Amino acid sequence: MIEKVLEDIAENDKDWNIICLRYSCIIGAHPSGIIGEDTKGIPNNLIPYISQVINGKLPYLTIFGDDFNTSDGTCVRDYIHVVDAVRGNLAALNRIIEEKNIGFEVYNIGMGKGYSVLEVVKAMENASGQQVFNKLFFYRLSF
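Here is what the cut-offs are and how they apply
Residues numbered from 1 in each chain as written. Predicted model: local features only at pLDDT ≥ 70, side-chain atom pairs only at ≥ 80, totals over all residues. Heavy atoms only, no water. Helix = DSSP H or I, 4+ residues; strand = E, 2+ residues; numbered from the N terminus. Contact = heavy atoms within 4.5 Å. Phe/Tyr/Trp six-rings, centres within 6.5 Å; stacked < 30°, edge-to-face > 60°. Lys NZ or Arg CZ within 6 Å of the ring centre and 35° of its normal. 1 Å grid on protein atoms, 1.4 Å probe; cavity = no way out; pocket = protein on both sides within 12 Å on 5 of 7 lines; lining within 4 Å. Points joined across faces, edges and corners; volume = space filled by probe spheres on them. Nonpolar A, V, L, I, M, F, W, Y, C, P; charged D, E, K, R; others polar. Salt bridge = Lys/Arg side-chain N within 4 Å of Asp/Glu carboxyl O. Expected span 1.5 Å × (residues − 1). Buried < 20%, exposed > 50% of the residue type's maximum accessible area, 1.4 Å probe, protein only. Arc of directions from axis to C-beta.

As annotated in an unreviewed UniProt entry, the protein is UDP-glucose 4-epimerase from Panagrolaimus superbus.

What follows is the structure, encoded as structure tokens:
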């Protein structure tokens, strides 16, 4: 709905130039630590949550749903690194500054390949050498 409103604004007032970027599941951090995951308290994102389970700060990882229509039953997301998301935003801003009369545009930003929750858990286990799988709790969703 918001995209439709923005499109209407750009269509009705040619002084507006709007680029909508569609992405979700931003992960990672810049090597400097200036941007990215630095969770205070209980994290809301998968990677820092797994990290806190690995480090013993949290007792287990809850996975919400294990009956999705995917290879392992957990949901699949197209994760994008925080630096790539920033580059996408800067490219959009530069396009607006340089082109002047673009009106309204929408871009999907991502890797084009999703990974399941369990695939991410296994990758974190491999990278850290620590077990998370024995600390999983599945919460079955009912719709």
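**Student:** Explain the environment of Leu 136 to me, please; I cannot follow it from the model alone.
**Tutor:** Within the fold, Leu 136 resides in strand 8 (residues 136-139). Taking the C-alpha atoms as reference points, Leu 136 and Ile 50, separated by 86 residues in sequence, lie 10.0 Å from one another. Among all residues touching Leu 136, those that are not within four sequence positions of it are Leu 61, Ile 63 and Leu 118.

**Student:** Whenever I open this one, the packing of aromatic side chains confuses me. Can you help?
**Tutor:** For any pair of aromatic rings, geometry is given as the distance between the ring centres together with the angle between the planes. A full pass over the atoms with the stated rule returns zero aromatic pairs. Across from the ring centre of Tyr 115, 4.5 Å away, lies the NZ or CZ of Lys 113, which sits over that ring.

**Student:** Just checking my understanding: could you explain the layout of surface pockets for this structure?
**Tutor:** Put simply, the largest pocket is a space of about 420 Å³. Forming the walls of the largest pocket are 17 residues, and the residues nearest its centre are Asn 44, Asn 45, Leu 46, Phe 64 and Val 117. Ranked by residue count, the leading element in the lining of the largest pocket is strand 3 (residues 61-64), at four residues. Tallied by class, residues from the lining of the largest pocket come to 13 nonpolar, three polar and one charged.

**Student:** Looking at this structure, I do not really get the pattern of salt bridges. What am I missing?
**Tutor:** Proximity of charged atoms lets side chains of opposite charge pair with each other. Enumeration according to the criterion identifies five salt bridges in this entry. Among the ionic pairs, Arg 87 bridges to Asp 84, the shortest N-O distance being 3.5 Å. Here Asp 84 and Arg 87 lie together in helix 3 (residues 82-99), a separation of three residues that amounts to about one turn. Residues joined by salt bridges that share partners form a network here, namely Arg 95, Glu 99 and Glu 105.

**Student:** What am I meant to see in helix 3 here?
**Tutor:** Residues spaced three or four apart along an α-helix face the same direction, because each turn holds 3.6 residues. Compared with an ideal rise of 1.5 Å per residue, which puts 18 residues at 26 Å, helix 3 spans 26 Å between its outermost C-alpha atoms and is within 8% of the ideal. Looking at helix 3, one finds that the buried residues are Val 82, Val 83, Ala 85, Gly 88 and Ala 92. Buried residues in helix 3 make contact with strand 1 (18-22), strand 2 (26-27) and strand 5 (80-81). Phi turns positive, to about 70°, at Lys 100, one or two residues after helix 3.

**Student:** I keep staring at helix 4 (residues 117-128) and nothing clicks. Help me out?
**Tutor:** With twelve residues, helix 4 should cover 16 Å at 1.5 Å per step; its first-to-last C-alpha distance of 16 Å lies within 8% of that length. Within helix 4, the full set of buried residues consists of Val 117, Leu 118, Val 120, Val 121, Met 124 and Glu 125. End-on view of helix 4: buried residues confined to an arc of 160°, all on one side of the axis. Those residues of helix 4 that are exposed and aimed more than 90 degrees away from the buried face are Asn 126 and Ala 127.

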